[in-house]
Amino acid sequence: MSLKVDIVFTLNGAAVRASISAGASALAVLREQFDLAGAKLACGEGECGACTIIVDGLSLNGCLMPAVDLDGRRVETVEGLWRETGLDPVQRAFIEAGAIQCGFCTPGMVMQARHLIDRNPRASEAEIRRGLEGNICRCTGYRKIVDAIIAASRAARP
Amino acid sequence: MVLPQQLNPGAFDDYVGATSVEAGVRALADGKGTPVAGGTDLWLQKDLGVKPSGSRLVNIRRIASLRGIEERGGRIRVGALATMTDVLDSDLLRRLAPVLPATADRFASVQIRNVATIGGNIVNASPAADFVVPLLCLDAEVELACWRGEKVATRRLPLAELLVGPGRTRREPSELLTSVHFATPPADFHAAFCKSGPRPALEIARVSLCLAGRRAARRLTCVRLALGAVAPTPVRCRQTENMLEGAALDEGTIRRALDSLESEIAPIDDVRSSAWYRRHLARTYLEEELRRVVEG
């Protein structure tokens, strides 16, 4: 039986607490204990990015993050992008560009896009493509995904 | 759905979140600790069923003194917790040792670079560890800390001596790798890193190579050549370095250097590549890099 550790963190803007297994991944805790099914387990090896979440402003693979290290941190998942005013501009851009086929990679793509735009709203198309190297779409709909991120980053420029 | 984390929750019976080197090495002192920072290697290996080295999980990621990249007295120190993103964004390294940001740029993906650390890349001791290859060319040393005589004791050893084989180093279970050090390269220092994998990103190298030295008039002096994924650890190729040292890089020298390199490495057949293809890649990369030196 694995050791339980109590952690406190900020999840999509709200303070939360949890008792988690010391060997758990952040992804397992978000999905199983908080019922946030947006971030997906696909490869489980950090290759595909379906589990991408943003922690303290940096995107990472939730499947490879020790859940114990969530303690005290600010965690954002795709569920947190929705605001009183509606969908996040990145989500709207994905819909408008038709950047979704089966949708399984979409939450990870959207979170990575959010990270890329927050870091550099003036990124070139080449930089955006490189920034998506850790996200795989097996429907191979990359063209429209890149179009959506270009549109969202244009809208984000001051 | 059954998550791999539920199949292999890891047999940890204790957890320590360290915020100082002292707290970190005290938690490792009995040799029963498994240090973790980014987790990108450890969590993957754990999910694949590899038993962690110790049953006490020691989170070192919040030890602030192990961060940072600085130069002092002609030497550069990279803290063990510097992430690949920190290296990629470091103005100091871009100026003084640009081969390290160039290597970080070829490392995995944004998501992994944001959390994977230099220290982790070293102590994970993969034969294909990207970052170790240029660090060997910089003659890097590592600092290890442990708790001895009621205080933190440190020792330094060359990176090349730390590495023993796949997954094995001379780090004692009670020790924490705290930093990497190397002499600031001279202004005419040239170093280039290249690697091959199945796709441009997130590739575990089939072969990686770093050629370095002081460049003057189509020659290299202080030649350093290191390769990854062609031996049980990343290796320096001293015989080929000696052959290239100060030599005019004409066709004959290049040919002899490629033959020398091939005789000096011992690649294996595995799931990522075959030995003969690795030899071919090693020759090709060295030839390309030597021609780049010639062309200036």
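**What about the side chain of Thr-34 of chain B?**
Residues and elements named next belong to chain B.
Right, so step 1: With respect to the element layout, Thr-34 can be found in strand E2 (residues 33-36).
Right, so step 2: For Thr-34, a relative accessible area of 3% gives the class buried.
Right, so step 3: Among the polar contacts listed, one links the side chain of Thr-34 to the side chain of Ser-53, at a separation of 3.4 Å.
Right, so step 4: With residues up to four places along the chain from it excluded, the contact list for Thr-34 reads Phe-12, Leu-28, Leu-42, Pro-52, Ser-53, Gly-54, Arg-56, Leu-57 and Val-58.

**Brief notes about empty space enclosed by the protein**
Residues and elements named next belong to chain A.
Right, so step 1: Applying the stated criterion across every chain yields a total of 2 cavities of 30 Å³ or more.
Right, so step 2: Counted as a void, the largest cavity has a volume near 30 Å³.
Right, so step 3: When its residues are assigned to classes, the lining of the largest cavity shows 4 nonpolar, 3 polar and no charged.
Right, so step 4: Within this model, the second largest cavity holds a volume of roughly 30 Å³.
Right, so step 5: Lining the second largest cavity are Leu-116, Ile-117, Asn-120, Pro-121, Ala-123, Ile-128 and Ser-153.
Right, so step 6: Of the residues assigned to the lining of the second largest cavity, the class counts are 5 nonpolar, 2 polar and no charged.

**Details of the interface of chain B and chain A**
Right, so step 1: Facing 37 residues of chain B, the contacting portion of chain A comprises 40 residues.
Right, so step 2: Interface of chain B and chain A: buried area, both sides summed, is about 3,000 Å²; carbon and sulfur atoms make up 52% of it.
Right, so step 3: Across the contact surface, chain B and chain A share 4 salt bridges.
Right, so step 4: Applying the counting criterion to the chain B and chain A interface returns 14 residue pairs in polar contact (both at pLDDT 80 or more).
Right, so step 5: When contributions to the side of chain B that touches chain A are tallied by element, the ones reaching two or more residues are helix H1 (4-7), strand E1 (14-17), helix H3 (42-47), strand E3 (56-59), helix H4 (84-89) and helix H7 (110-113) of chain B.
Right, so step 6: The residue makeup of the side of chain B that touches chain A, split by class, is 16 nonpolar, 11 polar and 10 charged.

**A word on the sheet that holds E3 of chain B**
Residues and elements named next belong to chain B.
Right, so step 1: The 3 strands lie next to each other as E1-E3-E2, forming an open sheet whose pairing is parallel. Pairing within the sheet leaves two strands with one partner each, and these edge strands are E1 and E2. Across the sheet, the mean angle separating the axes of adjacent strands is 20 degrees when strand polarity is ignored.
Right, so step 2: In the sheet, E1 pairs with E3 via 4 bridges, with the strands oriented parallel. Considered in E3, the bridge of Gly-17 is made with Asn-59.

**Quick look at the environment of Met-84 of chain B**
Residues and elements named next belong to chain B.
Right, so step 1: When you line up the elements, Met-84 lands in helix H4.
Right, so step 2: Residue class for Met-84 comes out buried when judged on its relative accessible area of 0%.
Right, so step 3: Between the C-alpha atom of Met-84 and that of Ala-97, which follows or precedes it by 13 residues, the distance is 14 Å.
Right, so step 4: Contact partners of Met-84, with chain neighbours within four places excluded, come to Ala-104, Phe-107, Arg-113, Ala-116, Thr-117, Ile-118, Asn-121 and Phe-131.

**So, helix H3 (residues 106-119) of chain A**
Residue and element names in this part refer to chain A.
Right, so step 1: The end-to-end C-alpha distance of H3 is 20 Å, a good match for the 20 Å that 14 residues give at a rise of 1.5 Å each.
Right, so step 2: Taken across its 14 residues, H3 has 12 buried, putting it largely inside the fold.
Right, so step 3: Among the residues making up H3, those that are buried are Thr-106, Pro-107, Gly-108, Met-109, Val-110, Met-111, Gln-112, Ala-113, Arg-114, His-115, Leu-116 and Ile-117.

**Some thoughts on the packing of aromatic side chains**
All names here are of chain B.
Right, so step 1: Counted by the stated rule, this structure contains 3 aromatic pairs over all chains.
Right, so step 2: Judged by centre distance (6.2 Å) and plane angle (15 degrees), the rings of Phe-12 and Trp-43 are stacked. Highlighted residues: Phe-12 in the loop between H1 and E1 and Trp-43 in helix H3, separated in sequence by 31 residues.
Right, so step 3: One residue, Lys-46, lies across the ring of Trp-43, its end atom 4.7 Å from the ring centre.

**Focus on the layout of surface pockets**
Right, so step 1: There is about 490 Å³ of room inside the second largest pocket.
Right, so step 2: Around the second largest pocket, the lining comprises 17 residues; the ones closest to its centre are Leu-116, Arg-119 and Glu-127 of chain A together with Leu-88 and Val-110 of chain B.
Right, so step 3: For the lining of the second largest pocket, the elements supplying multiple residues, two or more each, are H3 and helix H4 (125-131) of chain A together with H4 and H7 of chain B.
Right, so step 4: With 5 residues, the single largest contributor to the lining of the second largest pocket is H4 of chain A.
Right, so step 5: Here the residues of the lining of the second largest pocket are counted per class, giving 6 nonpolar, 5 polar and 6 charged.

**Some points on the environment of Val-29 of chain A**
Residue and element names in this part refer to chain A.
Right, so step 1: Tracing the sequence through the fold places Val-29 in helix H1 (residues 26-32).
Right, so step 2: For Val-29, a relative accessible area of 1% gives the class buried.
Right, so step 3: Remark: the alpha-carbon pair of Val-29 and Val-68, spanning 39 residues in sequence, is separated by 9.8 Å.
Right, so step 4: When near neighbours in sequence (up to four residues on either side) are disregarded, Val-29 contacts Ile-20, Ala-24, Phe-34 and Ala-67.

**Structural notes on the packing of helix H12 (residues 251-264) of chain B against helix H13 (residues 275-295) of chain B**
Residues and elements named next belong to chain B.
Right, so step 1: The N-to-C vectors of H12 and H13 enclose an angle of 150 degrees; their axes lie 10 Å apart at closest approach. Seen along the crossing, H12 lies across H13 with a hand that is right-handed. Touching Glu-251, Ile-254, Arg-255, Ala-257, Leu-258, Asp-259, Leu-261 and Glu-262 of H12 are Arg-279, Ala-282, Arg-283, Leu-286, Glu-287, Leu-290 and Arg-291, all from H13.
Right, so step 2: Class assignment of the residues belonging to the contact of H12 with H13 gives a composition of 7 nonpolar, no polar and 8 charged.

Reading guide: rules and limits
Residues numbered from 1 in each chain as written. Chains lettered and ligands numbered in written order. Predicted model: local features only at pLDDT ≥ 70, side-chain atom pairs only at ≥ 80, totals over all residues. Heavy atoms only, no water. Helix = DSSP H or I, 4+ residues; strand = E, 2+ residues; numbered from the N terminus. Buried < 20%, exposed > 50% of the residue type's maximum accessible area, 1.4 Å probe, protein only. Polar contact = N/O pair within 3.5 Å; in protein donor to acceptor, adjacent residues only side chain to side chain. Contact = heavy atoms within 4.5 Å. 1 Å grid on protein atoms, 1.4 Å probe; cavity = no way out; pocket = protein on both sides within 12 Å on 5 of 7 lines; lining within 4 Å. Points joined across faces, edges and corners; volume = space filled by probe spheres on them. Nonpolar A, V, L, I, M, F, W, Y, C, P; charged D, E, K, R; others polar. Buried area = accessible area lost by both parts, 1.4 Å probe. Salt bridge = Lys/Arg side-chain N within 4 Å of Asp/Glu carboxyl O. Pairing = 2+ DSSP bridges. Axes fitted to C-alpha atoms, helices over the stretch in contact; angles between N-to-C directions. Expected span 1.5 Å × (residues − 1). Phe/Tyr/Trp six-rings, centres within 6.5 Å; stacked < 30°, edge-to-face > 60°. Lys NZ or Arg CZ within 6 Å of the ring centre and 35° of its normal. Left-handed = near helix turned anticlockwise from the far one by under 90°.

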